[in-house]
Amino acid sequence: METFLFDFRVQRRSVITDTMSRIGFTAAATLIFFLSLSVDAQEVDSRAKPVVVQPGAPGQPTRTLPASTKGMLPPRSPKEVEFMQGMITHHAQAVEMTDLIESRTQNRDIRLIGTRISKSQLDEIEFMNRWLDIRGERPSATKSGGHDHGSGNHKLMPGMLSPQQMDALKKVEGAEFDHLFLTGMIQHHEGALVMVKDLFDTAGAGQDAELFNFASDVDSGQRAEIRSMQTLLGKKP
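Computed from a predicted structure; not experimentally measured.

Engineer: Would you explain the packing of helix H2 (residues 78-99) against helix H6 (residues 174-201) in this entry?
Structural biologist: A packed helix pair is summarised by two numbers, namely the angle formed by the two axes and the spacing between the axes. Direction vectors running N to C along H2 and H6 enclose 170°, while the axes themselves pass 11 Å from each other. The angle between the axes of H2 and H6 places the two elements in the roughly antiparallel class. From H2, Lys79, Glu80, Phe83, Gly86, Met87, His90, Gln93, Ala94, Met97 and Thr98 reach across to H6, where they touch Phe181, Gly184, Met185, His188, Gly191, Ala192, Met195, Val196, Asp198 and Leu199. Taken together, the residues that form the contact of H2 with H6 break down as ten nonpolar, seven polar and three charged.

Encoded structure:
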């Protein structure tokens with residue numbers, strides 16, 4: 001009796017082990033099958049050509065373009081090039097004005113706003129030079145890291161200080177410098193707003209997405225700085 005029970009248990013254990021082995025083999029085979037399908041699908045996807053879709057105008061369907069279609073920069077108008085080149089020169093004079101602050105005033109508010117104006121306009125000069133260079137246009141020679149902002153050697157853009165105004169600013173210090181700097185920079189910023197408006201008022205100009213965003217940022221940023229400088233002028237006796 002005991003021998004029979006032992007044989008039965010051994011046989012049952014053998015059946016269970018064999019069954020589990022079969023289940024394990026089947027699961028492994030199934031896993032390998034699905035993995036091979038996934039790899040095959042990835043290989044097919046990698047061989048597939050990219051789909052180029054052109055969004056339609058409002059109310060119009062999209063179009064599927066040939067896979068060989070290459071991206072192109074939007075056409076630019078002469079006004080856009082003129083705006084960028086002129087704004088580089090315009091920004092350069094603002095940086096020249098802020099360069100005078102350190103040696104001519106200890107006013108903390110003037111130093112703070114001067115630092116902000118200098119940094120933002122130097123960054124924008126770099127952007128404008130790149131924009132022109134990518135499009136095969138002549139970038140300005142005025143670049144950060146060795147800028148040439150001689151105010152008497154270039155055409156005056158709207159709002160730019162005349163050589164006489166710049167000379168007057170260089171000759172004063174303290175509260176007098178603070179006043180001339182603020183009034184001069186407000187004049188300068190208002191000229192930049194005129195340049196942006198002139199760009200957008202020109203038919204066919206301002207359509208480039210990068211230029212549109214940049215000009216819009218110039219407009220909003222300089223309006224905010226004008227308000228800040230007007231507030232500082234109100235603090236002066």
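Now that the structure has been shown, we can carry on.
Engineer: Which parts of the structure should I look at to understand the pattern of salt bridges?
Structural biologist: Two side chains that carry opposite charge are able to pair once their charged atoms sit near each other. A complete count under the given rule lists eight salt bridges for this structure. A salt bridge links lysine 119 to aspartate 123, with the nearest nitrogen and oxygen atoms 3.2 Å apart. With a gap of four residues between them, lysine 119 and aspartate 123 both fall in helix H4 (residues 108-134), about one helical turn apart. Where arginine 223 meets aspartate 219, a salt bridge forms, and the shortest distance between an N and an O atom there is 2.8 Å. Remark: aspartate 219 and arginine 223 occur in helix H7 (residues 209-235); sequence separation between them is four residues, near one turn of the helix. The network of salt bridges with common partners includes Lys79, Glu82 and Asp198.

Engineer: I would appreciate a short explanation of the nonpolar core in the present structure.
Structural biologist: Proteins that are soluble and globular tend to have nonpolar side chains buried together. The biggest cluster of nonpolar side chains holds 21 residues, and the ones touching the most others in it are Phe83, Met84, Met87, Met128, Trp131 and Phe214. Elements supplying a minimum of two residues to this core: H2, H4, H6 and H7. When sequence neighbours within four positions are dropped, the list of residues in contact with methionine 84 reads Phe127, Met128, Trp131, Leu132, Leu211 and Phe214. Counting residues in hydrophobic clusters, the runner-up holds 20 residues, among them Ala94, Ile117, Val172 and Ile186.

Engineer: Sorry if this is basic, but what is going on with H2 here?
Structural biologist: Helix length check: H2, at 22 residues, gives a terminal C-alpha distance of 32 Å against a target of 32 Å (1.5 Å per residue), a fit within 8%. Taken across its 22 residues, H2 has 18 buried, putting it largely inside the fold.

Engineer: Whenever I open this one, the packing of aromatic side chains confuses me. Can you help?
Structural biologist: When we look at a pair of aromatic rings, we describe it by the centre distance and by the angle of the planes. Under the defined criterion, the tally for this structure stands at three aromatic pairs. Between the aromatic rings of phenylalanine 127 and phenylalanine 214, the centroid separation amounts to 5.1 Å while the plane-to-plane angle is 35°, which identifies the pairing as tilted. Taken as a pair, phenylalanine 127 in helix H4 and phenylalanine 214 in helix H7 lie far apart in primary sequence, 87 residues in all. Considered together, phenylalanine 127 and phenylalanine 214 belong to a single accessibility category, that of buried residues. Centroid distance phenylalanine 200 to phenylalanine 212: 5.5 Å. Interplanar angle 55°. Geometry classified as tilted. You can see phenylalanine 200 sitting in helix H6 and its partner phenylalanine 212 sitting in helix H7, a full twelve residues away along the chain. Take phenylalanine 200: its relative accessible area is 33%, and that puts it in the partly exposed class. For phenylalanine 212, a relative accessible area of 41% translates into the label partly exposed.

Engineer: Teacher, can you tell me more about the packing of H2 against H4 here?
Structural biologist: Two numbers describe how H2 lies on H4: the axes approach to 9 Å, and their chain directions differ by 150°. One element, H2, and the other, H4, form an angle in the roughly antiparallel class. Once H2 is placed against H4, the crossing between them reads as left-handed. Along the contact surface, H2 presents Glu80, Val81, Met84, Gln85, Met87, Ile88, His91, Ala92, Ala94, Val95 and Thr98, while H4 presents Gly114, Ile117, Ser118, Gln121, Leu122, Glu124, Ile125, Phe127, Met128, Asn129, Trp131 and Leu132.

About the thresholds
- Residues numbered from 1 in each chain as written.
- Predicted model: local features only at pLDDT ≥ 70, side-chain atom pairs only at ≥ 80, totals over all residues.
- Heavy atoms only, no water.
- Axes fitted to C-alpha atoms, helices over the stretch in contact; angles between N-to-C directions.
- Helix = DSSP H or I, 4+ residues; strand = E, 2+ residues; numbered from the N terminus.
- Parallel < 35°, antiparallel > 145°, perpendicular 65-115°, else oblique.
- Contact = heavy atoms within 4.5 Å.
- Nonpolar A, V, L, I, M, F, W, Y, C, P; charged D, E, K, R; others polar.
- Salt bridge = Lys/Arg side-chain N within 4 Å of Asp/Glu carboxyl O.
- Core = buried A, V, L, I, M, F, W, Y, C linked by side-chain atoms within 4.5 Å.
- Buried < 20%, exposed > 50% of the residue type's maximum accessible area, 1.4 Å probe, protein only.
- Expected span 1.5 Å × (residues − 1).
- Phe/Tyr/Trp six-rings, centres within 6.5 Å; stacked < 30°, edge-to-face > 60°.
- Left-handed = near helix turned anticlockwise from the far one by under 90°.

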